[in-house]
Amino acid sequence: MLGEDDDVFDSVTWESPSAPTYDAGPSAPTGPGFRQSTAESEPGHGPHDPKWEGYLITSVKDPVKELADTKDAYVSYLVSAKTNLPIFSTPNPSARRRFQDFVFLRNHLSKDFPACVVPPLPDKHRLEYVTGDRFSPEFMERRRADLHRFLQRLSRHPTLQRSTLLRAFFESTEWHVTMHQHVAHPPGPEHTTGVIDSISDTLLNAFSRVRKPDERFLAMREGVDKFEEGIVLTERLWSRIRNRTNDLTGDYHDMAVAVQGLGFLESGITDPLNHFSNTLLEFSALLRHTTQTTTDPFLIHLHSLLQYSHANRAVLKLRDQKQMDFEELSDYLSGVTSERDRLAAVISGHAGSTGLGLSSYLKDRVDALRGADDDRSRVEKMRKLDAKIKELQDAVQTAHETSDAFSDETLREQTVFQYAKEAEMKEMLGNLADGQMEFYKAAMDEWDRIIPIIQRIRVDV
């Protein structure tokens, strides 16, 4: 078993080069992802609670089309940050990056930190890539907002915010050199082929479920299931609301045209009817504006949060795989040990008293038919099995420690994801509420202006 300060996979740890610590000043942010205290003696701090060393505030802005008149045209974005993390060499790093740079960052963070929930990137397989409209201002703004959210999620993570690759992403003036160096010399020790690698995936993945499930992670999986069900249902309902709102937008526009037509027929009230028609047109425009500025961003954020939850589910699945590796290796060791004991019983002449059963007897008969039943071959086979058992014992111990360490890291990761999820839901629902309030206030103002005009219509009795 590992101690609390030990780890068996380098992806959970990192080394930060010495750098000056910058004073955040009185405006340093607080809240999930921005906590300053890292002391384990902090009240209520448990062994599985995450620890932040500082804050990292990121932004993505100013999309620019580069090499505009060539077939190699692409869009670059200005990425910038404010931080007091000691790993950064400046408190305000910035650089221009293209989408492929974000892809490289995401892919290699996932490889370097398999126990972390690395947020997903927006899907590149969109209609704009087929129609050639990926350089339109609307698409570039949507992509900028998606990339901004991606970096925000990284900046809230206590491990990922301190990674050397993320630092280089913001600071490096030779980013492509950094990319090649990272591919050639990834962090952590070189991978060596051991007994775990020599056992086929068929053996290690023989069972799709953990045999001795941990109740803590079963509860987490159930929570993820319910959360995603709620997100999917909300997305479906708001998509329906969006479609109905689009229908209403068209209906109010058609009604405005109809009222304007009435104005030509009713000569006595033409002017009030024209004002009323204009109000209907303004209300239709308000509905369209609310859809574009409130409903669509809400649906995009909602879907992005669902994808983020999928990344969290993948980490839970990987933790289960680590436990299954340990369980399968343990069974393999047990089988090899039984075979060694059977051979020892045969050599000592006490095969009948070992209780190994009919299968062992049949195996002895098969070995006899093959001419492999002499004591010399059995002793040689026992020697090989003893070496195999020693190798397997080491592998089982390593798999056990790795599984325990991965479980501990997953527990911390779930706390980090919960912080991030709560912060995003607060932002997402707050923006939705602000957008609805803005719409209804503007709508009330429009209708309030038309009421006096309608009331001035004279009706003779």
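In the block above lies the structure referred to throughout.
Residues numbered from 1 in each chain as written. Predicted model: local features only at pLDDT ≥ 70, side-chain atom pairs only at ≥ 80, totals over all residues. Heavy atoms only, no water.

Some remarks on the packing of aromatic side chains
Consideration 1: Under the defined criterion, the tally for this structure stands at 14 aromatic pairs.
Consideration 2: Both rings, one in Y252 and one in F283, keep their centres 4.7 Å apart while their planes meet at 70°; by these two values the pair is edge-to-face. Taken as a pair, Y252 in helix α8 (residues 215-265) and F283 in helix α9 (residues 270-348) lie far apart in primary sequence, 31 residues in all.
Consideration 3: Classification of Y252 as partly exposed rests on a relative accessible area of 24%.
Consideration 4: Exposure remark for F283: the relative accessible area of 10% places this residue in the buried category.
Consideration 5: Ring centres of F276 and W447 lie 5.9 Å apart, and the angle between their planes is 55°; this geometry places the pair in the tilted category. Residue F276 is located in helix α9, and its partner W447 is located in helix α11 (residues 375-455); the two are separated by 171 residues in the primary sequence.
Consideration 6: Within the aromatic cluster, the residues linked to one another by ring pairs are F88, F102, F104, F150, F169, F170 and W175.
Consideration 7: When the ring centre of Y74 is taken as reference, the NZ or CZ atom of R98 above it lies at 4.0 Å. (Phe/Tyr/Trp six-rings, centres within 6.5 Å; stacked < 30°, edge-to-face > 60°. Helix = DSSP H or I, 4+ residues; strand = E, 2+ residues; numbered from the N terminus. Buried < 20%, exposed > 50% of the residue type's maximum accessible area, 1.4 Å probe, protein only. Lys NZ or Arg CZ within 6 Å of the ring centre and 35° of its normal.)

What about the side chain of D296?
Consideration 1: Mapping D296 onto the fold places it in helix α9.
Consideration 2: Separated by 2.5 Å, the side chains of D296 and R242 make a polar contact.
Consideration 3: When neighbours within four sequence positions are excluded, D296 is seen to be in contact with R242 and T291. (Polar contact = N/O pair within 3.5 Å; in protein donor to acceptor, adjacent residues only side chain to side chain. Contact = heavy atoms within 4.5 Å.)

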